Amino acid sequence: MKLLIIGSATDCGGAEAYALTIATSATQAGWETHAAFPQAEANAAMRQAFADHQVFYHPLDIAETRSRGVQAIGDTCLRFVRTRSLLRSLQPDVVLVNLPWADHCLGSLLACGQLRLPTAAMFHLIPPEKIPLSRSRLRVYRWIRTRQQQWLTNSEANRSLLADLFQMPASALLCIYNGIKLPSPEDYTPDQAALRQAVRHELGVPVSSRLLLTVGRLVPQKGYDDLLAAIPPLLEDDPDLRFVWAGEGKERQALRDRLRDMAIDRNVLMLGHRSDLPRLLQASDLFVFPTRFEGHPFALLEAMAYGLPIVTTNASSIPELIEHQTHGLLCPSGDSNALLHSIRWALQHPEQMQLMAHQAQQRVQTFSQEHMLEKTLSVLENLAVLTVP
């Protein structure tokens, strides 16, 4: 079986980590696995990761632009031609188009449809504000879906949004929740106290400091503006608090400048991309995830798996993961005042938060990587055996 995974992103986020996980599993199952996406400085580590897992990489210049009108049509046609050329050269048995945004990869979906190649399209992220699609574009999507394609998404919230966006029945979309590799006993550091002390030493903060961890790309979607507004009053309560941000993104410098202007940069540590998230999760006191909208967030699943108390928003699929005051605290998305009060309550009630964290740890067992892979590879296998007339 020859699988080709196509993506349009030039950086690395949850959708790209998903693609690597699927590719690695397919290779381990004995498939010949290929990946094609734009070559950029920001995804160099991802390209190396594919190579390390015996996945063949192909540069494919289909990065999305902000073009409109005639220019947008021309750009889509160019992506169609580039994708079609690669497809004709590789002749995969099945294709997985990995869409970081709902309206990306139209040219690639169209190329797969025109060649009638069995294709799964995974839609990861759908903003709550409806994307404007013209009637002609909707007709193109409708035709594509008839060409041996199965469309997937990762939450019931997204399934509803996609059905509305593409004016299609929700039953035509298959929901496969994201899953993580659940920690084994060997993944936990036996001496938690020593780990907490070591991480604080590495970060250059007092051993007594409580760490509030946020993991996510530094982009407006992740709600850092709301968290910034909540930090000064929280520091009035406890000046030794440290907010630890793990992630990279285009807003890094702007956020750094705001932290300096607000005179709170000493209390907010911007760590960039980290490969040791399990250590940070085990060493922190609270996971703060102020996102505005999500697909089905891997970062939140990992925090649940490691038993870290959680404050997050009710955005998108998060209520499908976390019940308020059972697995963590939910506050309205985009409400910085509600976020402040939730974090403050969590810090004042550590025992109740630990109970919720334990219940979240049990809940996350439902969202295993094994289950995600089994269902996704089954969809790809079933598509691959379809006979083209």
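Residues numbered from 1 in each chain as written. Predicted model: local features only at pLDDT ≥ 70, side-chain atom pairs only at ≥ 80, totals over all residues. Heavy atoms only, no water.

(A) Local environment of the overall build of the protein. Within the protein, the secondary structure is distributed over 15 helices and 13 strands. The globule rule puts the C-alpha radius of gyration for 389 residues at 21 Å, and the 22 Å found for the protein is close to it. Principal-axis analysis of the C-alpha atoms places the extent of the protein at approximately 65 × 45 × 40 Å. Going through the 389 residues of the protein one by one, you find that 53% of them count as buried. In the protein, 72% of the contacts between residues at least 6 apart in sequence involve partners at least 24 apart. (Helix = DSSP H or I, 4+ residues; strand = E, 2+ residues; numbered from the N terminus. Rg over C-alpha atoms; globule rule 2.2 N^0.38 Å. Buried < 20%, exposed > 50% of the residue type's maximum accessible area, 1.4 Å probe, protein only. Contact = heavy atoms within 4.5 Å.)

(B) Representation of the pattern of salt bridges within the structure. If you walk through the whole model with that rule in mind, you get 17 salt bridges. Linking Asp257 and Arg260 is a salt bridge whose minimum nitrogen-to-oxygen distance equals 2.8 Å. Taken as a pair, Asp257 and Arg260 lie in helix α9 (residues 252-261) at a separation of three residues, close to a single helical turn. Accessibility expressed as a relative area gives 48% for Arg260, which makes it partly exposed. When the shortest N-O distance is used, the salt bridge between Arg279 and Asp276 registers 3.3 Å. Classification of Arg279 by relative accessible area gives partly exposed; the value is 25%. Several salt bridges converge on common partners, so that one network encompasses Glu202, Arg274, Asp276 and Arg279. (Salt bridge = Lys/Arg side-chain N within 4 Å of Asp/Glu carboxyl O.)

(C) Spatial organisation of the packing of aromatic side chains. What the rule picks out here adds up to 12 aromatic pairs. Aromatic pair Trp101 and Phe293: ring centres 5.8 Å apart, planes at 70°, arrangement edge-to-face. Residue Trp101 is found in the loop between β4 (94-99) and α4 (106-114), and its partner Phe293 is found in the loop between β11 (286-289) and α11 (298-305); the two are separated by 192 residues along the sequence. Overall, Trp101 belongs to the partly exposed group, its relative accessible area being 28%. The exposure class assigned to Phe293 is buried, which follows from its relative accessible area of 11%. (Phe/Tyr/Trp six-rings, centres within 6.5 Å; stacked < 30°, edge-to-face > 60°.)

(D) How the structure looks around α11. Counting buried positions along α11 yields seven of eight residues, so the element is predominantly enclosed. Listed in full, the buried residues belonging to α11 are Phe298, Ala299, Leu300, Leu301, Ala303, Met304 and Ala305. Of the residues flanking the end of α11, it is Gly307, one or two places downstream, whose phi is positive at about 70°.

(E) Region of interest: the side chain of Arg79. When you line up the elements, Arg79 lands in helix α3 (residues 69-90). The residues touching Arg79, leaving out its near neighbours within four places in the chain, are Ile62, Ala63, Glu64, Thr65 and Gly107.

Interpretation note: all reported values are geometric properties and have no functional meaning in isolation.
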